[in-house]
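# Summary of the model geometry
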Amino acid sequence: VASARNTALKNIIGNYVMFIDGDDILQEGAIEDLMRKAIDYDADIVEGSSQLVADDGKVYGSVIYEESKDAQQTVSSLRGQPWGKVIRAELFQNIKYPEKYDFEDSIFAYCLYPSAEKKYTVKKVVYDYRYNQNGVTRKITKSVKAIDTYYISVELWKYWKNKFEITKDFNIQVLNQIVLNYHRTRMLEEEILKAGFVLETFIYKELFDSEFKLDGKYKKLDYCIRSNDWGRYRILCKGWSTLK
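Keep in mind that what you see is a predicted model, and the values were worked out from it rather than measured.

Turning next to the overall build of the chain. Regarding its fold elements, the chain presents 9 helices and 6 strands. A compact globule built from 244 residues would reach a C-alpha radius of gyration of about 18 Å, and the chain, at 19 Å, matches this within 12%. Every one of the 244 residues in the chain was classed for burial, and the buried ones make up 45%. Looking at the chain alone, contacts between residues at least 24 apart form 77% of all its contacts between residues at least 6 apart. Counting every atom, the chain has about 13,600 Å² of accessible surface; 50% of that belongs to carbon and sulfur. A gap of 4 Å separates the mean positions of the 37 positive and 36 negative side-chain charges of the chain.

Turning our eyes to something else, we now look at the side chain of Asn171. Counting through the fold element by element, Asn171 comes out in helix H6 (residues 168–185). Here Asn171 is in contact with Tyr204, Phe208, Phe212 and Leu214, once residues within four sequence places are set aside.

With that settled, the discussion passes to the environment of Lys161. In this fold, Lys161 is placed in helix H5 (residues 148–163). Given a relative accessible area of 43%, Lys161 falls into the partly exposed group. C-alpha separation for the pair Lys161 and Asn171, spaced 10 residues apart in sequence, amounts to 11 Å. Excluding anything up to four places from it in sequence, Lys161 contacts Ile166, Glu206 and Leu207.

Criteria and thresholds
- Residues numbered from 1 in each chain as written.
- Predicted model: local features only at pLDDT ≥ 70, side-chain atom pairs only at ≥ 80, totals over all residues.
- Heavy atoms only, no water.
- Helix = DSSP H or I, 4+ residues; strand = E, 2+ residues; numbered from the N terminus.
- Rg over C-alpha atoms; globule rule 2.2 N^0.38 Å.
- Buried < 20%, exposed > 50% of the residue type's maximum accessible area, 1.4 Å probe, protein only.
- Contact = heavy atoms within 4.5 Å.
- Areas by Shrake-Rupley, 256 points an atom, 1.4 Å probe, with all protein chains shown as cover.
- Lys, Arg positive; Asp, Glu negative; His and termini not counted.
- Charge placed at Lys NZ, Arg CZ, Asp CG, Glu CD.

In C-alpha cells, the structure reads:
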C-alpha cells in the first residue's frame, strides 16, 4: 500500500489528492462537496463525515462532524486515516509513506496535520468504510507485524520533536497513541507487550522531560509511564474508553 501511494504521490498533477481504500464506497457527490469547500476556503485539508457499513448495507456507526466555518480545527478533530478527505498536494512535497511497515497512515497525525494551517470539516457523509472481519488491519493485530506500531510511533515522535513545538496537546496525543499501541498488540505474547512498554517509557521521558499539567486518565497514565508501572498501565489501557 505504501509503495503504491508513494508512486502515485510522485505523479500528482492536480492541486488536491484523495485516497480511497479498494473495498470502500464514496457517497454520490462526495468529491464535489469536499472540493467546493476546499476552493471556497482555500483549505489545506477538508474532511467529511463517514459511516461504517457492512456488506449488506447496514450502517453500524458513524462519525459526524459539525460544518466548520473557520480553520481553528485542532489536530485531534481529524481522523488519522487517509480516506474521507481531500488534501492539498503541496503538503506531500517532503512527506512520503514509510514502506514495508504497517500502520503507515500514522504520518497523517504526526506529519501532515501539523503542517496544514487551514483544516475544515463538512457535516455530510461522504465516505462508507466497509466493515470487514477479514480486513488487513484485523489480521495485523494477530500477527507479529503488529509491533510495527511501536517502530512507527517512536520515529514519528522523534520527527515531531525536531520539527514542531512540544505542547500539552502533543503530550495528550502521544498518550492516546500509547494506548492505541497497546490495543494493536494485545493479542501478542505478554513479553512483547512489556518490551513495547519499556521502549515507549524511555522515549516518553525524553520527549516530556518537564511535565505538563494533565488531568484525569491522562494524569494517571503519565504517572504509570514515569514510574514504570506495567500493571497499572495495562489496567488503564484496557479500560481507557470508559475513563475520564
